[in-house]
2 protein chains.
Amino acid sequence: MDTHPNLRINPHRFRQDFLALAAIGATPAGGVDRPTFSPAHLQARAWFARQVKEAGLELRVDGAGNHSAFLGCAGPGAPVLLLGSHLDSVPNGGRFDGALGVLAALEALRVVKEAGLSLKCSLEAIDFTDEEGTLFGLLGSRLLVGALEPHHLAHPRGGRAAFETGLQRAGLSEAGLLSARRDPAGLAGYLELHIEQSSRLQQAGASIGVVTVIVGIGSYRLTFIGQADHAGTTPLAERRDAGLGAAAFTLAARQLVLDSFPGCVVNVGSQRFHPGSFNIVPGRVELDLEFRAADLDTLHGLEAALLELAAAESARWELGLEALRLGLHPPAEMSPLARQAVFQAAAGLELAAVPLSSGAGHDAQSLAPLCPAGMFFIPSTGGSHSPRELAFWDDCLNGANLLLQAALRLAS
Amino acid sequence: MDTHPNLRINPHRFRQDFLALAAIGATPAGGVDRPTFSPAHLQARAWFARQVKEAGLELRVDGAGNHSAFLGCAGPGAPVLLLGSHLDSVPNGGRFDGALGVLAALEALRVVKEAGLSLKCSLEAIDFTDEEGTLFGLLGSRLLVGALEPHHLAHPRGGRAAFETGLQRAGLSEAGLLSARRDPAGLAGYLELHIEQSSRLQQAGASIGVVTVIVGIGSYRLTFIGQADHAGTTPLAERRDAGLGAAAFTLAARQLVLDSFPGCVVNVGSQRFHPGSFNIVPGRVELDLEFRAADLDTLHGLEAALLELAAAESARWELGLEALRLGLHPPAEMSPLARQAVFQAAAGLELAAVPLSSGAGHDAQSLAPLCPAGMFFIPSTGGSHSPRELAFWDDCLNGANLLLQAALRLAS
């Protein structure tokens, strides 16, 4: 079996792609703002589609809006090895998160096409819809693996209105989403390159982090319900102020995790006050809660503890509480086969690779139950989900070559 | 001097007016939603203007959008006694707040006109623009007394965009606002009927509360500035989470007032999280703060203590802080002359009246520095700035007759 160990991506072309894509939705702070199906995101998708066609690859789009470059480099009916990531960003995000993985996948396909290789799998460079969760979270990849039923779509974490508007803007329909489901027999595996979004690789002095497990993530909308009253005439002691319950929960949730759930994290990403006037005691506060744990038991334990805490704070401040679970993604082990391919390819490229868990969610966790899924990180600094996000270009090139080499190992 | 002690309002017409006005912007919960220059508020204004014309009164509108019914019941050049309140409501507010005072004033003018009385002052039933502060707060009354200069309009507490859009919707211009200023020599005084918005009258078993002082009110926008980071990959201990500073301040501000500022109140009416995603550590939280005190020294002391607290919590959570003062209205003493007229008129109507301070702000506080200003409350229950706000109709009738009788005393 020839794994074509000397094949490399075209660094000039890869760099041009990166700069062109980073200019779409560029923000003054140096990042990009491309929430799912925003004008900038739709523009980035159109740009990607053009590159696919210009490269002579086949453009495929499914009912979930996942779109991809397909290269039939194996016989008809051969399974396909997916390489990819996502083009959407969090609001006011960075240039590397997601974009790098899609571009490296596209470039890998171009190189394999130019080399005229014949492999055991076809290759597909895919951009998954709404990884970041502006609308739903891992939407495209979960639809592709058939993990979503219609009732799952009832409470998108970005709200129903945004969900419907977004689909409409992209020319998608809710009914059509489910048609994105693929037959697992056709999937040879999935590989994803991503920036690390933490500082562990830097601290370890390693070039590559091979992901062992992607942490489980739960998200809830907690609504603290008090009573809207006049903020001048209602004595403090007589108020049922929803903002106090939300504030107390926010502080206590952090302390709970620090004290009792080492290695886990919790985030209160947003609070919305109603009616939201200077001179009205908040009658209702909606709080967006997310929490993460690397194993399923801990995830469930953390979920229960946070709900108990929310109930206790509601009672203490004489408030009502509504808790709506918006998602619970179990932790996902990455495939030993894929991990081995990445480690071996890294050795071939003389890149120091270490095993790492992923605190961030990724499309690879959707694919993991269905096919050998793997992912690896390159070092990044300056924060993540932030315009300050930064990966050194040498590391980006290493990552793209490693994606190509690991894919060739899996597909040969 | 004849004070026409037997003159009464027309209870049927007053009731019809109340029901017609309460239907404009009516909410399912039983209140009204008429924020300044919203479609419902503009509709209420148009309704008022029609009533003025149908009553044969003169409709006057000034550059601030204050509009009024004028009755020239004294000689030309006689000063005018203003009676009034406001037709705007807080978002999702009640039917009585403001509306009752405007309707009683209108009805008083109708009755005086029908009786063909000749008084020492002309009468004017006025609806002041934006009392509640959707855009600015006491906007119309402060412009009428000349308390606002162009630089005051730079930071309206509802934001510049809403301010500009609102003026445009009402056909007003920022330059025109200042033309609403009146010569104090032309003002004989101001009287306002309002619901109490607290339960002190009920507890005292009294029918009328004669306001002694309107508390001072300060409002600030506090911005806690941290760093937006990935909520999965950034360890809790390494975060600079703006939401934690806002939460800690919210709880501590309440405790500060309870411990050290008896009789005062504080409210965190809204918080806005940026970027506001489930999976991003809040990088910035804007917090809307309001506080009230009955005397100026305490108001200043409370302001300083709250700012110190915000700075301390920012430092503790490693955040930046921006504090923007949006308003500081000093406490306003009501005129002894007006108080006496109300007490005497209440005695004439056999209504039990007690002196009270007002924890809520009112247009009367704008007028107080310029002319004898007075206001009085009727009992109300069910909260305030809320659709549950409720005054018994007998009390409303008593209030309207008291406004008429007190006005006749001041104008005779």
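Note that the structure is a prediction, hence the values are computed from the model and not measured.

About the cut-offs
- Residues numbered from 1 in each chain as written.
- Chains lettered and ligands numbered in written order.
- Predicted model: local features only at pLDDT ≥ 70, side-chain atom pairs only at ≥ 80, totals over all residues.
- Heavy atoms only, no water.
- Helix = DSSP H or I, 4+ residues; strand = E, 2+ residues; numbered from the N terminus.
- Rg over C-alpha atoms; globule rule 2.2 N^0.38 Å.
- Buried < 20%, exposed > 50% of the residue type's maximum accessible area, 1.4 Å probe, protein only.
- Salt bridge = Lys/Arg side-chain N within 4 Å of Asp/Glu carboxyl O.
- Pairing = 2+ DSSP bridges.
- Axes fitted to C-alpha atoms, helices over the stretch in contact; angles between N-to-C directions.
- Contact = heavy atoms within 4.5 Å.
- Phe/Tyr/Trp six-rings, centres within 6.5 Å; stacked < 30°, edge-to-face > 60°.
- Lys NZ or Arg CZ within 6 Å of the ring centre and 35° of its normal.
- Expected span 1.5 Å × (residues − 1).
- Polar contact = N/O pair within 3.5 Å; in protein donor to acceptor, adjacent residues only side chain to side chain.
- Buried area = accessible area lost by both parts, 1.4 Å probe.
- Left-handed = near helix turned anticlockwise from the far one by under 90°.
- Least-squares fit on C-alpha atoms with pLDDT ≥ 70 in both.
- Parallel < 35°, antiparallel > 145°, perpendicular 65-115°, else oblique.
- Nonpolar A, V, L, I, M, F, W, Y, C, P; charged D, E, K, R; others polar.
- pLDDT = per-residue confidence, 0-100.
- Disulfide = S-S within 2.5 Å.

**Observations concerning the overall build of chain A**
And then number 1: A tally of regular secondary structure across chain A gives 12 helices and 13 strands.
And then number 2: For chain A, the C-alpha radius of gyration of 23 Å lies close to 22 Å, the compact-globule estimate for 412 residues.
And then number 3: Seen through its C-alpha atoms, chain A measures out along the principal axes to roughly 80 × 45 × 40 Å.
And then number 4: Looking at chain A residue by residue over its 412 residues, the buried ones come to 63%.

**Structural notes on the pattern of salt bridges**
And then number 1: Per the counting criterion, the structure on display carries 38 salt bridges over all chains.
And then number 2: Among the ionic pairs, A:Asp288 bridges to A:Arg272, the shortest N-O distance being 3.0 Å. Of the two residues, A:Asp288 is situated in strand β9 (residues 284-293) and A:Arg272 in strand β8 (residues 265-274); the sequence distance between them amounts to 16 residues.
And then number 3: On the accessibility criterion, A:Arg272 (26% relative accessible area) is partly exposed.
And then number 4: With a closest N to O distance of 2.9 Å, B:Arg60 and B:Glu58 form a salt bridge.
And then number 5: Looking at B:Arg60, the relative accessible area reads 33%, which means it is partly exposed.
And then number 6: What emerges from the salt-bridge pattern is a single network uniting A:Arg13, A:Asp17, A:Glu107, A:Arg110 and A:Glu114.

**Focus: the sheet that holds strand β7 (residues 216-225) of chain A**
Residues and elements named next belong to chain A.
And then number 1: Pairing within the open sheet is antiparallel, and its four strands lie in the order β8-β9-β7-β10. Each edge of the open sheet carries a strand with a single partner, namely β8 and β10 (320-329). Strand-to-strand, the axes of this sheet are offset by a mean angle of 15°, without reference to chain direction.
And then number 2: Sheet topology note: the β8/β9 ladder contains nine bridges and is antiparallel. Bridge pairing in β9 places arginine 272 opposite glutamate 286.
And then number 3: Of the strands in this sheet, β7, β8, β9 and β10 touch helix α9 (residues 296-316), which is tilted by about 165° from β10.

**Examining the packing of aromatic side chains**
Residues and elements named next belong to chain A.
And then number 1: Using the criterion set out here, one finds 14 aromatic pairs over all chains in the structure.
And then number 2: Here phenylalanine 136 and phenylalanine 163 contribute two aromatic rings whose centre-to-centre distance is 6.2 Å and whose plane-to-plane angle is 45°, an arrangement assigned as tilted. Here the residue phenylalanine 136 occupies a position in the loop between β4 (122-127) and α4 (139-144), and phenylalanine 163 occupies one in helix α5 (residues 160-169), the gap between them amounting to 27 residues.
And then number 3: For phenylalanine 136, a relative accessible area of 8% translates into the label buried.
And then number 4: By relative accessible area, phenylalanine 163 is classed as buried at 0%.
And then number 5: By way of ring pairs, the aromatic residues Phe14, Phe18, Phe96 and Trp393 are connected into one cluster.
And then number 6: We note arginine 15 situated over the ring of tryptophan 393; from NZ or CZ to the ring centre the distance is 4.6 Å.

**Quick notes on the sheet that holds strand β8 (residues 265-274) of chain B**
Residue and element names in this part refer to chain B.
And then number 1: The strand order across the open sheet built from four strands is β8-β9-β7-β10, with neighbouring strands paired in antiparallel fashion. Both edges of this open sheet fall to β8 and β10 (320-329), since each of them pairs with a single strand only. Adjacent strand axes in the sheet meet at a mean angle of 15°, parallel and antiparallel pairs treated alike.
And then number 2: The strands touched by helix α9 (residues 296-316) within the sheet are β7 (216-225), β8, β9 (284-293) and β10, with β10 carrying the most contacts at an inclination of about 165°.

**Considering helix α8 (residues 242-260) of chain A**
Residues and elements named next belong to chain A.
And then number 1: In a regular helix each residue adds 1.5 Å, so 19 residues correspond to 27 Å; α8 covers 26 Å between its end C-alpha atoms and thus fits that length.
And then number 2: Burial runs high along α8: 14 of the 19 residues are buried.
And then number 3: Put simply, aspartate 241 is the residue that caps the front of α8, since its side-chain oxygen is 2.8 Å from the backbone nitrogen of glycine 243.

**Structural notes on the interface of chain B and chain A**
How big an interface is tends to be expressed through the accessible area that disappears when the partners come together.
And then number 1: With 60 residues of chain B in contact, the opposing surface of chain A contributes 60 residues.
And then number 2: Summing the contributions of chain B and of chain A, the shared interface buries around 4900 Å²; its carbon and sulfur component is 59%.
And then number 3: The largest per-residue losses of area from chain B upon contact with chain A belong to B:His230, B:Leu236 and B:Phe278, which jointly make up 17% of the total buried on that side.
And then number 4: The tally of links between chain B and chain A comes to two salt bridges.
And then number 5: In this structure, the salt-bridge partner of B:Asp229 is A:Arg388, at a minimum N-O distance of 3.9 Å.
And then number 6: At the surface where chain B touches chain A, the tally comes to 17 residue pairs in polar contact (both at pLDDT 80 or more).
And then number 7: For the side of chain B that touches chain A, the secondary-structure elements that each account for two or more residues are β7, α8 (242-260), β8 and β9 of chain B.
And then number 8: Broken down by element, the side of chain B that touches chain A gets its largest block of residues, nine residues, from α8(B).

**Side note on the packing of helix α1 (residues 11-22) of chain B against helix α3 (residues 99-115) of chain B**
Residues and elements named next belong to chain B.
And then number 1: Relative to each other, α1 and α3 sit at 145°, their axes nearing to 10 Å. The handedness of the crossing between α1 and α3 is right-handed. Here Arg13, Phe14, Asp17, Phe18 and Leu21 of α1 lie close against α3, whose contacting residues are Ala99, Leu100, Leu103, Ala104, Leu106, Glu107, Arg110, Val111 and Glu114.

**Focus on the pairing of strand β3 (residues 80-85) of chain A**
All names here are of chain A.
And then number 1: Of all six residues that make up β3, six are buried, and the element is covered over most of its length.
And then number 2: Burial of β3 is two-sided: the residues Val80, Leu82 and Gly84 facing one way and the residues Leu81, Leu83 and Ser85 facing the other way are all buried.
And then number 3: When β3 meets β4, the two strands line up parallel, connected through six bridges. Within the sheet, the bridge partner assigned to valine 80 lies in β4 and is serine 122.
And then number 4: Here β3 runs beside strand β5 (residues 187-195); their pairing, made up of four bridges, is parallel.

**Here's the deal with the relation of the copies chain B and chain A**
And then number 1: Mapping chain B onto chain A is achieved by rotating through 180° and translating by 0.1 Å along the same axis, at an RMSD of 0.1 Å. Look at the turn and shift together and you get a two-fold axis relating the two. It is B:Ala247 whose C-alpha, among those of chain B, lies nearest the rotation axis, at 2.1 Å.
And then number 2: The share of interface residues of chain B whose copies in chain A are also at the interface is 100%, consistent with both copies meeting through the same surface.

**Here's the deal with helix α12 (residues 393-411) of chain A**
And then number 1: Relative to the 27 Å expected for 19 residues at 1.5 Å per residue, α12(A) spans 27 Å between its end C-alpha atoms, a close match to the ideal helical length.
And then number 2: The buried count for α12(A) comes to 15 of 19 residues, which makes it a mostly enclosed element.

**Remarks on the packing of helix α10 (residues 336-348) of chain B against helix α12 (residues 393-411) of chain B**
Residue and element names in this part refer to chain B.
And then number 1: With their axes 8 Å apart at the nearest point, α10 and α12 run at an angle of 125° to one another. Taken together, the axis directions place α10 and α12 in an arrangement best described as oblique. Considering the relative orientation of α10 and α12, their crossing is right-handed. When α10 is examined against α12, the residues Leu337, Ala338, Ala341, Val342, Gln344, Ala345 and Ala346 are found in contact with a partner set consisting of Leu402, Gln405, Ala406, Arg409 and Leu410.
And then number 2: Residue composition of the contact of α10 with α12, grouped by class: nine nonpolar, two polar and one charged.

**Looking at the confidence of the model for chain A**
And then number 1: Averaged over all residues, the pLDDT of chain A is 95; the fraction at 70 or higher stands at 100%.
And then number 2: For this predicted complex, the interface confidence reaches an ipTM of 0.78, while the overall pTM sits at 0.78.

**Thoughts on the environment of B:Phe128**
Residue and element names in this part refer to chain B.
And then number 1: In this fold, phenylalanine 128 is placed in the loop between β4 (122-127) and α4 (139-144).
And then number 2: We classify phenylalanine 128 as buried; its relative accessible area is 1%.
And then number 3: Through-space distance from the C-alpha of phenylalanine 128 to that of alanine 364 is 10 Å; in sequence the pair is 236 residues apart.
And then number 4: Excluding residues that lie within four positions of it along the chain, phenylalanine 128 makes contacts with Asn66, Ser85, His86, Asp88, Gly140, Ser141, Leu144, Tyr190, Asp363 and Leu367.

**Structural notes on the state of the cysteines**
And then number 1: The full count for this structure, using the stated rule, is zero disulfides over all chains.
And then number 2: The structure places no disulfide on A:Cys121, whose sulfur is separated from the nearest cysteine sulfur, that of A:Cys73, by 7.8 Å.

**Section: the environment of A:His300**
And then number 1: If you trace the backbone, A:His300 turns up in helix α9.
And then number 2: With 274 residues separating them along the chain, A:His300 and A:Ala26 place their C-alpha atoms 39 Å apart.

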